Amino acid sequence: MKARYPDIEGDVIRDGVRLHYRVYGHGAPTLLFMPSWSIVHSEVWKAQVAYFARHGRVVTFDGRGNGRSDRPADPAAYTHDHFVADALAVLDATDTARAVVVGLSRGGHWALQLVAQHPERALGVVAIGPSAQCGPFPEWAMRVPFTRPLDSAEGWDKYNLHHWRRDYPDFAAFFVRNVFPEPHSTKQIEDAVGWAGETDGETLIATQFGAGRPDLEAAAALYASITCPTLVIHGDQDRIAPVEAGARVAELTGGSLVVLEGAGHAPQARDPVKVNQLIGDFVERLGPPRVRRTTWARAFGRTPRALYLSSPIGLGHVRRDLAIADELRALRPDLELDWLAQSPVTEVLAEHGERVHAASRHLANESAHLASEACEHDLHCFHAYRSMDEILLANFLVFQEVVEAGCYDLVLCDEAWDVDYFWHENPELKRAAHVWMTDFVGFLPMPEGGAAEAALAADYNADMVERVARYRRVRDLSLFVGDPDDIVPAALGPGLPTIRAWTEQRFQFSGYITGFDPAALARDALRHELGFRPDEKVCVVTVGGSGVGAALLRRIIAALPAARRALPELRMIAVAGPRIDPDSLPRCEGLEVRAYVPRLYRLLAACDVAVVQGGLTTTMELTAAGRPFLYFPLRHHFEQTFHVAHRLDRHRAGRRMDFATATPEVIAEALVAELRRPLDYLPVPADGARRAARAIAELL
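Numbering of residues starts from 1 in each chain and follows the order in which that chain's sequence is written. Side-chain atom pairs in this predicted model are given and counted only at pLDDT of 80 or more, local residue features only at pLDDT of at least 70, and totals for whole chains, interfaces and linings cover all residues. Only hydrogens and water are removed before side-chain values are computed, so all heavy atoms of the structure are retained for them.

I'd like to hear about the overall build of the protein chain, residue by residue, with values.
Starting at the N terminus, helices and strands are each numbered in turn, a helix being any DSSP run of H or I of at least four residues and a strand any DSSP run of E of at least two. Looking only at helices and strands, one finds 26 helices and 20 strands in the protein chain. In summary, the protein chain has a C-alpha radius of gyration of 28 Å against a globular reference of 27 Å for 700 residues, a match within 12%. The principal-axis extent of the C-alpha atoms belonging to the protein chain is close to 90 × 65 × 50 Å. The buried label goes to any residue with under 20% of its type's maximum accessible area, the exposed label to any with over 50%, and the partly exposed label to all in between, with areas taken from a 1.4 Å probe on protein chains only. Across the 700 residues of the protein chain, 60% fall into the buried class. Pairs of residues are marked as contacts when any of their non-hydrogen atoms sit within 4.5 Å. A fraction of 73% describes how many contacts in the protein chain between residues 6 or more apart in sequence connect residues 24 or more apart. Radius of gyration here is computed from C-alpha atoms only, and the compact-globule reference equals 2.2 Å multiplied by the residue count raised to the power 0.38.

Encoded structure:
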């Protein structure tokens, strides 16, 4: 899923070439994001679209040579003038009279040329890492002959048309790695290499000839003629366009230059929070003053205020978070608490009378993203997280606006990965004490992913270790929801510490938090209240709140007839949850299908046996209630496969099943056997929420 989809998209044909454009948002001002070199397309702006579409209007288009636009073969179709004329055609097609024009790399030059030659269409211009036609140029561009055959294909000798024809993918991968010299840029590199694969070497050769040789004096005169406000953003580690080129553009245009230390050629992708902030501030200065409402209270006598972010991946987080919130209020009755949350969490919060911040409506839905990544009983959790990057960025920027407009003393983040990551990347933005909570630490590769996935997971873990070590002040309190023995006995990666050693050094432990006290549930009375008969065995089947478990529900329902033949008194209650349509599930004798069930833990505590996914919340609720259960970890889901399974093994709880080999007959047999198995679970302490609240309250 994307963080924002276009409100309008279409094609415009200019000079026989079809150009695909997209329009996001409404109102003023309009930002036109220019295409870059044809090795990529308009997705290069994916980190900017959702943010600026919330504050105005965004227009993007795929430049000729890539994306959903045409790929003419004639080099004459790729002159600088053509790209500028294409932009004007898109402005006309989208009824855009004037725009702030933003360009990257070659697109930086095209943006500057557009506003110089057509000042009536420009409110301002932002050039990011511009490939300035007035120089200076990178050293490799001056020494590597583009057309002459070379004996070498190493390093920048790959920038050669013969190599592009022989092995374009090799050049594309090399070039993109040099676009992103920053450490831990695997996702940005992966994205850009994928976009480069949507064109070919011959098209790129045509763009190179079409650009022609730069005319330094003419380019300098062009830039000097620009009259609109200009902002140049340039990384000082840019290997494609040297930072001196950006400085020269700023000098000639009389514009502002912002140098990003440690940044490469595409900071809009690698450092999007800072780049969006710079563009946003620039755009705001161009228009009339805006009225912004913020809240401030004097420190003495101030009512303590907290903002709570609860992960929307399933519903387990919100139940434990509500338990922590209740304990916090018991310790600090004067605490004001707002929630920044998404569906289905918001529905649970509404049931409990909690105050959901109005900005929650702007959040892109992470739970829906995971459901879109799933296939049958398969969810590659690590890759689904990586592909959620633009959603996490968009949601962080919503969060940051909320924090800056409010007056919060404390931010509570239950696996709010966006806040933890981007505050570490931009520590100057931290505005309140930060509590980070999680029930697992460390990305672990699936064996079938091989060396490539192992290297990716290790890189993400190394990034986490380095961030936390460098900016320890970002996390005022790290809470692990569990005990040290719940941590998997694995390393974070080659040369990195073990997960347990690192977690014990950086975290406090709250013990597990169920959100309810099993001892307070009188099971016989609860069964009577729920309408269970004494002579029946009730099996509850539930797959969480993410919508990923429809295939498992159907498989378990298919096992019911065989299970009832062995156990005629068996009754099955299948809980579809908030994201699966109950009417989409089959029906059979002995089956009852329910939609979302509030306080599901009560149903689980009253049942005789359960069948569930491998999620931590439901399995630990069953463990705490002392109920037998079968659990099916999602295929490729590293957290359920390793972290959750280890914890359940430690508690001697449940029976692990493999969806791929579990036929309905196998499930029926296992279900009956689990019902009859004597249980010897490790007790689950009931004071986890209280322990967590006490640690958090110290920050208030």
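Hey, could you go over the packing of helix H16 (residues 389-405) against helix H17 (residues 417-425) for me, with residue numbers and the actual values?
Only the stretch in contact is used when a helix axis is fitted, and all axes are lines through C-alpha atoms; the angle between N-to-C directions ranges over 0 to 180 degrees. H17 packs onto H16 with a crossing angle of 80 degrees between their chain directions and a minimal axis gap of 9 Å. If you check the angle between H16 and H17, you find them roughly perpendicular. Residue-level contacts link Leu392, Leu393, Asn395, Phe396, Phe399, Gln400 and Val403 of H16 to Asp418, Val419, Phe422 and Trp423 of H17. Any residue outside Ala, Val, Leu, Ile, Met, Phe, Trp, Tyr, Cys, Pro, Asp, Glu, Lys and Arg is labelled polar, Gly included; the first ten of those are nonpolar and the last four are charged. Partitioning the contact of H16 with H17 into residue classes produces eight nonpolar, two polar and one charged. These descriptions rest on fixed angle ranges, namely under 35 degrees for roughly parallel, over 145 for roughly antiparallel, 65 to 115 for roughly perpendicular, and the rest for oblique.

Residues and numbers for the pairing of strand E12 (residues 433-438), please.
Summarising burial for E12: six of the six residues are buried, a large majority. Neither face of E12 is open: one carries Ala433, Val435 and Met437, the other His434, Trp436 and Thr438, and all of them are buried. Pairing between strands is defined by DSSP: at least two bridges between the two strands are required. Two strands pair when backbone bridges link them, and strand E11 (residues 410-414) and E12 are joined in this way by five bridges, in the parallel orientation. Bridged to Asp414 within E12 is Met437. Think of it like this: strands point away, you trace from the first strand over the helix to the second, and a clockwise trace means the crossover is right-handed. Assessed by its sense of winding, the connection that carries the chain from E11 through H17 to E12 is right-handed. Both E12 and strand E13 (residues 477-480) contribute to a ladder of four bridges, which runs parallel. Pairing of Trp436 across the sheet is with Ser478, part of E13.

Could you give me a rundown of the packing of helix H5 (residues 161-179) against helix H7 (residues 201-211), with the residues and numbers involved?
Running from N to C, H5 and H7 cross one another at 125 degrees; their axes reach a closest spacing of 9 Å. Put simply, H5 runs oblique to H7. Crossing of H5 against H7: the hand is right-handed. For the pair formed by H5 and H7, the contact residues are Leu161, Trp164, Arg165, Tyr168 and Phe171 on the first element and Gly201, Glu202, Leu204, Ile205, Gln208 and Phe209 on the second. The crossing is said to be left-handed when, going from far helix to near helix, the turn is anticlockwise and less than a right angle, and right-handed when the turn is clockwise.

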